[in-house]
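These are the residues of each chain, in order.
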Amino acid sequence: MSTGTITTRPARASDFDAFHGRRPDRAVRAWVLEVNGEVVGMAGWRVAGDHLVVFSDVRPGVARMTVWRKAKQLMAMIDFPAICECTDTSGPMLRRLGWLHVAGNVYKYEPR
């Protein structure tokens, strides 16, 4: 799935409908990852007080290096503290990206 033309663009409301089956219940800033025009991932954040709550979701079959590169691009846009609740399998990648384990599946990121 991840071979072909890879593009990133700002997410539209229709992308949330198609990818998650619903729109977010809060204001978010998000981007989609497309391979050959098909949305295969979505990531972004929402503001919650004095920090960001970061989210991402990627379809199976997307190359790990593609996910890594896009995660680094997203992190470069984060300019104040962020938290993320992840799946059990995402924790190791978050740690390698510089996120700190807080508890359970919760990680935090402090931009430099």
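Quantities reported herein were computed from a predicted structural model and do not represent experimental measurements.

Undergrad: Would you take a moment to explain the overall build of the protein chain for this structure?
TA: What the protein chain contains, in helices and strands, is 3 helices and 7 strands. In sequence order, the protein chain lays out its α and β elements as β-α-β-β-β-α-β-α-β-β. Taken over the C-alpha trace, the protein chain has a radius of gyration of 14 Å; the compact-globule value for 112 residues is 13 Å, and the two agree within 12%. Structurally, the protein chain occupies a C-alpha span of about 35 × 30 × 25 Å along its principal axes. In the protein chain, which comprises 112 residues, the share counted as buried stands at 33%.

Undergrad: Looking at this structure, I do not really get the nonpolar core. What am I missing?
TA: Inside soluble globular proteins, nonpolar side chains tend to come together where they are buried. Counting 18 residues, the largest nonpolar core has Trp-45, Val-54, Ile-78, Ala-82 and Trp-99 as the members making the most contacts within it. If you list the elements that add at least two residues to this core, you get β3 (38-48), β4 (51-58), α2 (64-76), β5 (82-85), α3 (91-97) and β7 (106-109). With 6 residues, the next largest nonpolar core counts Phe-16, Ala-30, Val-32 and Val-39 among its residues.

Undergrad: What should I look at first to understand the environment of His-101 in this one?
TA: For His-101, the position within the fold is in strand β6 (residues 100-103). Note: C-alpha distance between His-101 and Pro-111 (10 residues apart in sequence) is 15 Å. In this view, His-101 contacts Val-106 and Tyr-107; residues no more than four positions away in its chain are not counted.

Undergrad: Help me understand helix α1 (residues 13-20), please; the structure alone is not making it clear to me.
TA: A turn of α-helix holds 3.6 residues, and therefore any two residues three or four places apart point the same way. For α1, the set of buried residues is Asp-15, Phe-16 and Phe-19. Projected onto a plane normal to the axis of α1, the buried residues spread over an arc of 100 degrees and lie on a single side. Lining the buried residues of α1 we find β1 (6-10), β2 (29-35), β3 and β4. Two residues or fewer past α1, Gly-21 is found with a positive phi of approximately 80 degrees.

Undergrad: What's the story with the packing of aromatic side chains in this structure? I'm lost.
TA: How two aromatic rings sit relative to each other is given by the distance of their centres and the angle of their planes. Summed over all chains, the structure comprises 2 aromatic pairs. Taken together, a centroid distance of 5.3 Å and an interplanar angle of 35 degrees make the contact between Trp-99 and Tyr-109 tilted. Residue Trp-99 is located in the loop between α3 and β6, and its partner Tyr-109 is located in strand β7; the two are separated by 10 residues in the primary sequence. Judged by its relative accessible area of 11%, Tyr-109 falls in the buried class.

Undergrad: Just to check I follow, could you spell out the environment of Val-58 for this structure?
TA: By secondary structure assignment, the location of Val-58 is in strand β4. Through-space distance from the C-alpha of Val-58 to that of Phe-19 is 9.7 Å; in sequence the pair is 39 residues apart. Every residue in contact with Val-58, bar those within four places of it in the chain, is listed here: Val-40, Gly-41 and Val-67.

Thresholds applied
- Per-chain numbering applies: the sequence of each chain, read as written, is numbered from 1 onward.
- Per-residue local features are limited, in this predicted model, to residues with pLDDT of at least 70; the limit for side-chain atom pairs, both in listing and counting, is 80 or more; totals at the level of whole chains, interfaces and linings are taken over all residues.
- Excluded from the side-chain calculations are hydrogens and water; all other atoms, namely the structure's heavy atoms, are used.
- Under the scheme used here, helices are H or I runs from DSSP no shorter than 4 residues and strands are E runs no shorter than 2 residues, and both carry numbers assigned from the N terminus.
- All radius of gyration figures rest on C-alpha atoms, and the globule criterion is 2.2 Å times the number of residues raised to 0.38.
- The rule is simple: take the accessible area with a 1.4 Å probe, protein chains only, and divide by the maximum for that residue type; under 20% is buried, over 50% is exposed, in between is partly exposed.
- The nonpolar core is taken to be a set of buried Ala, Val, Leu, Ile, Met, Phe, Trp, Tyr and Cys residues, with the residues joined through side-chain atoms within 4.5 Å.
- The criterion used for residue contact is that any of the two residues' heavy atoms lie within 4.5 Å.
- Each direction from the helix axis to a C-beta atom contributes to the arc, which is the arc of those directions.
- Put simply, two rings from Phe, Tyr or Trp (the six-membered ring, in Trp's case) pair if the centres are within 6.5 Å, and we call them stacked under 30 degrees between planes, edge-to-face over 60, tilted for the rest.

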